[in-house]
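# Reading the structure
The lines below spell out each chain.
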Amino acid sequence: MTIEQINDAIRKAIIGSSRAAFGIEPTQIAAEIPPKPELGDVAFPVAFELAKAIKNASGEKKNPRDIAVALVNGVSAVPGVGNVEIAGAGYLNVFYERGQFLAANAAAEPLPRQDAKGEATASKVCVEHTSVNPNKAAHIGHVRNSVLGDTFARILRASGKTVEIQNYIDNTGVQVADVVVGFIYIEGRDLEAIKALDEELKAAGRTFDYYCWDLYTQVGQAYLSDDELKAKRSEVLHLIEEGGNKTAELADYVATRNVECITETMERLGIRYDLLPRESEILHLHFWDKAFEQMKRLGVIHYVADGKQAGCWVMPFEEHTGTDEHETDKILVRSNGTVTYTGKDIAYQMWKLGILGLDFNYRPFYRYSDGKEVWITALEPGHDGPLPRFGGGEVIYNVIDTRQSYPQEIVKKGVAAISPERGEQASVHLAYEMVALSPAAAEELGFELSDEDRKRPFIEMSGRKGLGVKADDLIDRLEANAEIEVEARHPNAEPDVRRAIAHQIAVGALRYFLLKFTRNTVIVFDFKEALSFEGETGCFCQYSAVRANSIFRKLEETGETVQQNRQKITGSDLTDILSDPGNVDIWTMALTSLRLDEAVTQAANAAEPAILAKYTFNLAKTFNLFYHHHKILGEPDELKRATLIVVADLARRSLTAALATLGIEVPERM
RNA sequence: GCUCCCGUAGCUCAGCCGGAUAGAGCAACAGCCUUCUAAGCUGUGGGCCGCAGGUUCGAGUCCUGCCGGGGGCGCCA
């Protein structure tokens with residue numbers, strides 16, 4: 001009997017009682033968690049809804065408390081329900097049959113796979129995230145994107161979905177072109193010279209993406225005063241897009257090396273991909289032509305003969321204005337015949353949904369330490385052996401920052417116009433606010449600010465200016481700080497072990513830091529807060545789990561098992577223990593642990609990983625309280641000891657599963 | 001100009017479909033290690049939920065207006 005099953009049974013009872021007493025069936029019955037555990041395990045504010053419905057139906061004004069009275073008996077009769085109280089202005093507060101409930105759920109999986117419910121086909125969804133321009137190292141803003149996307153994918157998997165993760169590589173865009181301009185026209189290097197440089201960097205312990213970061217900044221600065229250099233940009237861009245020439249070959253090397261570097265950075269954080277679709281293939285495999293043809297045929301876009309947009313192919317896009325509605329058309333094909341980014345994006349989105357009628361070729365790109373392979377798109381078939389099936393997702397989630405809401409809206413509308421049966425709900429823009437720097441953090445990074453900038457609430461990061469906190473730098477700092485702490489606590493541990501633990505702590509700190517904010521909150525990056533291991537942090541949650549595990553390590557040393565303790569409790573024998581007011585925290589611990597499934601569902605429905613992060617923190621906090629109040633293994637009363645062990649076991653399993661869903665591991669010790 | 005988001009404790013943020021006495025963390029102050037790990041725990045102080053109307057039995061939450069901050073509105077990506 002899970003929480004959800006009991007609550008559903010209660011809902012049915014309420015509907016029955018309500019129909020009998022008032023001739024009205026409430027449609028949606030909300031269940032909420034009472035503000036204090038003493039008030040109950042679950043509360044139904046349904047009497048308020050009913051009061052309104054009765055008034056609307058018959059004009060009769062009824063007191064919500066009286067309505068609640070009419071529902072009590074039905075709810076009390078539901079199996080698993082212990083006690084029902086009417087509280088406040090008319091809340092129906094339900095207490096579960098606690099002992100029975102605990103005994104029944106003692107061995108329950110914290111995250112039951114929900115696809116086991118009997119869905120006929122396991123539908124696949126795609127999540128696109130990261131998508132960093134492959135011309136420089138990733139910074140903290142990119143990491144927010146990746147952590148959000150990766151965690152959301154884990155949440156979807158935890159709720160039973162099959163998920164494919166894509167990282168789009170814009171290898172033929174202006175940003176790559178800029179770095180190529182730098183290599184060729186500032187540094188005078190050809191492909192061989194860049195390869196040699198790459199080797200030199202490797203030997204010196206430096207990375208290619210960091211080098212490109214600086215070069216990109218240099219190019220950005222040079223453009224400001226050097227018009228000749230700036231003219232090279234479009235020339236280079238054109239050559240890269242066209243392909244099959246020396247410049248394109250050089251650009252491909254630069255982009256590929258950056259993708260490798262970024263893949264390694266993300267792997268440090270436990271972020272992995274299934275496929276890297278590249279813009280060059282979208283171009284050369286004529287995805288756009290195919291999409292264009294369909295859009296023309298379906299009349300989704302039209303040619304503009306005269307006026308401001310003469311010679312362009314445009315898609316009508318309605319914009320809502322205050323009073324009168326006017327149409328602005330989004331240009332997909334320029335008058336010179338080239339396709340805009342949005343146009344290419346529509347073709348790509350169609351492929352993701354499986355409605356384009358074309359596919360990429362593929363080859364393995366990178367192998368992770370455990371052997372899992374990341375695939376990349378390719379021009380030619382070439383690859384022998386079995387090929388995974390990519391794309392064709394039921395729903396496509398695009399993790400892209402909120403500044404791109406407008407073009408994403410066009411992509412969604414465009415695709416829906418091409419395939420009305422799939423509609424707009426097949427494309428989800430998972431929007432999030434940017435990570436910016438506090439003026440103090442920018443100065444800490446060595447940037448000179450104007451007086452005007454200093455007064456601003458935050459400063460936007462800029463790859464062009466080289467202004468940003470590089471991901472690897474931050475992870476390095478976190479690891480170094482964590483290692484100092486680990487060393488202080490475990491001076492006898494092997495250096496390898498210490499480093500491994502420090503790494504897990506660093507990842508936990510960074511991921512949690514980025515996940516505790518809701519998506520539409522601008523994160524103003526602050527070093528002190530990001531580097532903290534105390535309070536509401538990943539480390540706090542890990543620490544609780546480590547403590548919990550140490551209880552069971554000690555238990556196992558005595559040869560005792562959790563299963564033996566589960567068998568010691570039957571349910572009805574726990575009434576005395578659980579009804580003791582001094583033991584409310586035992587029950588709260590159990591109930592909080594068993595709500596993980598609910599937290600994951602909420603996070604998935606709202607597409608908001610922060611919900612799960614908050615739940616995990618709350619779970620860890622609840623455990624610390626429980627741990628502090630009870631001597632678990634030292635408890636003299638046998639039945640109470642068994643209860644404490646069973647509940648602590650529920651807590652550590654939920655905590656571990658919750659953290660894993662956030663992409664955070666539990667260290668051996670801390 | 002049009003449009004979207006934000007404004008909650010000194011600071012950084014939660015607050016579910018409108019519901020019970022508005023919650024965390026940090027910072028400040030006072031305590032707690034003979035114990036299953038003190039990266040922890042307990043306590044104290046701190047609030048015109050930007051302002052003004054409205055809807056409602058009930059508003060931090062919904063509606064309107066205003067003020068303040070940020071984003072987006074390209075034949076860039």
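Residues numbered from 1 in each chain as written. Chains lettered and ligands numbered in written order. Predicted model: local features only at pLDDT ≥ 70, side-chain atom pairs only at ≥ 80, totals over all residues. Heavy atoms only, no water.

### A few points about the environment of S419
Among the secondary structure elements, S419 is positioned in the loop between helix 14 (405–418) and strand 13 (427–432). We classify S419 as buried; its relative accessible area is 3%. With 64 residues separating them along the chain, S419 and I355 place their C-alpha atoms 7.8 Å apart. (Helix = DSSP H or I, 4+ residues; strand = E, 2+ residues; numbered from the N terminus. Buried < 20%, exposed > 50% of the residue type's maximum accessible area, 1.4 Å probe, protein only.)

### What about the protein's contact with RNA strand B?
Near RNA strand B, the surroundings consist of 67 residues, among which Y91, T518, Y543, S550 and H630 are the closest. Contact between RNA strand B and R489: a phosphate oxygen at 2.6 Å from a side-chain N or O atom of the residue. In this structure, a phosphate oxygen belonging to RNA strand B sits 3.3 Å away from a main-chain N or O atom of V522. Within the residue set of the surface near RNA strand B, elements represented by two or more residues are helix 2 (46–58), strand 3 (91–96), helix 14, helix 17 (471–489), helix 19 (527–530), helix 20 (538–557) and helix 25 (609–629). Looking at the surface near RNA strand B, the element that brings in the most residues is helix 20, giving eight residues. Residue classes in the surface near RNA strand B are distributed as 31 nonpolar, 16 polar and 20 charged. (Near = heavy atom within 4 Å. Polar contact = N/O pair within 3.5 Å; in protein donor to acceptor, adjacent residues only side chain to side chain. Nonpolar A, V, L, I, M, F, W, Y, C, P; charged D, E, K, R; others polar.)

### Describing unusual backbone geometry
Here the phi dihedral of T130 falls at roughly 75 degrees; this positive angle occurs in a residue that is not glycine. Relative to the elements of secondary structure, T130 occurs in the loop between strand 4 (124–128) and helix 5 (140–158).

### Brief notes about helix 20
For helix 20, spanning 20 residues, the distance from its first C-alpha to its last is 29 Å, which sits close to the expected 28 Å at 1.5 Å a residue. Buried within helix 20 we find G538, C539, F540, C541, Q542, S544, A545, V546, A548, I551, F552 and L555. Those residues of helix 20 that are buried are in contact with helix 18 (495–515), helix 21 (562–568), helix 25 and helix 26 (638–661). Residue G559 follows helix 20 closely and has a positive phi angle near 85 degrees. (Expected span 1.5 Å × (residues − 1). Contact = heavy atoms within 4.5 Å.)

### A look at the sheet that holds strand 16 (residues 523–525)
Spatial ordering of the open sheet is given by 15-14-16, a layout of three strands whose pairing is mixed. The outermost strands of the open sheet, each flanked by one partner alone, are strand 15 (459–460) and strand 16. (Pairing = 2+ DSSP bridges.)

### Side note on the sheet that holds strand 1 (residues 42–44)
Read from one edge to the other, the open sheet built from three strands follows the order 1-3-2, with strand pairing classed as antiparallel. The outermost strands of the open sheet, each flanked by one partner alone, are strand 1 and strand 2 (81–87). In this sheet, adjacent strand axes meet at a mean angle of 25 degrees when their direction is disregarded. Where strand 2 and strand 3 come together, six bridges link them in antiparallel fashion. Looking at strand 3, one finds that V84 is bridged to V94. Contacting strand 2 and strand 3, helix 3 (residues 64–76) runs over the sheet at an angle of about 180 degrees to strand 2. (Axes fitted to C-alpha atoms, helices over the stretch in contact; angles between N-to-C directions.)

### Here we look at the pattern of salt bridges
If you walk through the whole model with that rule in mind, you get 39 salt bridges. The salt bridge involving R464 is made with D178; its shortest N-O contact spans 3.5 Å. On the criterion of sequence distance, the pair formed by R464 in the loop between strand 15 and helix 17 and D178 in helix 6 (residues 174–186) is long-range, its members being 286 residues apart. Relative accessible area serves as the criterion here: at 33%, R464 is assigned to the partly exposed category. E443 is the partner of R454 in a salt bridge, and the nearest nitrogen-oxygen pair spans 2.7 Å. With R454 in helix 16 (residues 451–455) and E443 in helix 15 (residues 439–444), the pair connects residues that are eleven residues apart, well separated along the chain. For R454, a relative accessible area of 40% gives the class partly exposed. Note on E443: relative accessible area 33%, which makes it partly exposed. Overlapping salt bridges bring together R268, D472, D476 and E479 as one network. (Salt bridge = Lys/Arg side-chain N within 4 Å of Asp/Glu carboxyl O.)

### A short note on the environment of I15
For I15, the position within the fold is in helix 1 (residues 3–22). For I15, a relative accessible area of 24% gives the class partly exposed. As for I15 and L71, which are separated by 56 residues in sequence, their C-alpha atoms are 8.9 Å apart. If we ignore the near neighbours within four places in the chain, the residues touching I15 are E25, P26 and I29.

### Points about the layout of surface pockets
Space inside the largest pocket adds up to approximately 940 Å³. Lining the largest pocket are 30 residues, with N133, H142, Q175, D401 and Q404 sitting closest to its centre. Among the secondary structure elements, those contributing two or more residues to the lining of the largest pocket are helix 5, helix 13 (341–353) and strand 12 (395–401). Looking at the second largest pocket, its volume works out to about 730 Å³. Listed by contribution, the elements that provide at least two residues to the lining of the second largest pocket are helix 1 and helix 24 (596–605). For the lining of the second largest pocket, a count of residues per class yields nine nonpolar, nine polar and ten charged. Counting residues domain by domain, the lining of the second largest pocket receives three or more from each of domain 1 (3–96) and domain 5 (538–661). (1 Å grid on protein atoms, 1.4 Å probe; cavity = no way out; pocket = protein on both sides within 12 Å on 5 of 7 lines; lining within 4 Å. Points joined across faces, edges and corners; volume = space filled by probe spheres on them. Domains from an automatic or database assignment.)

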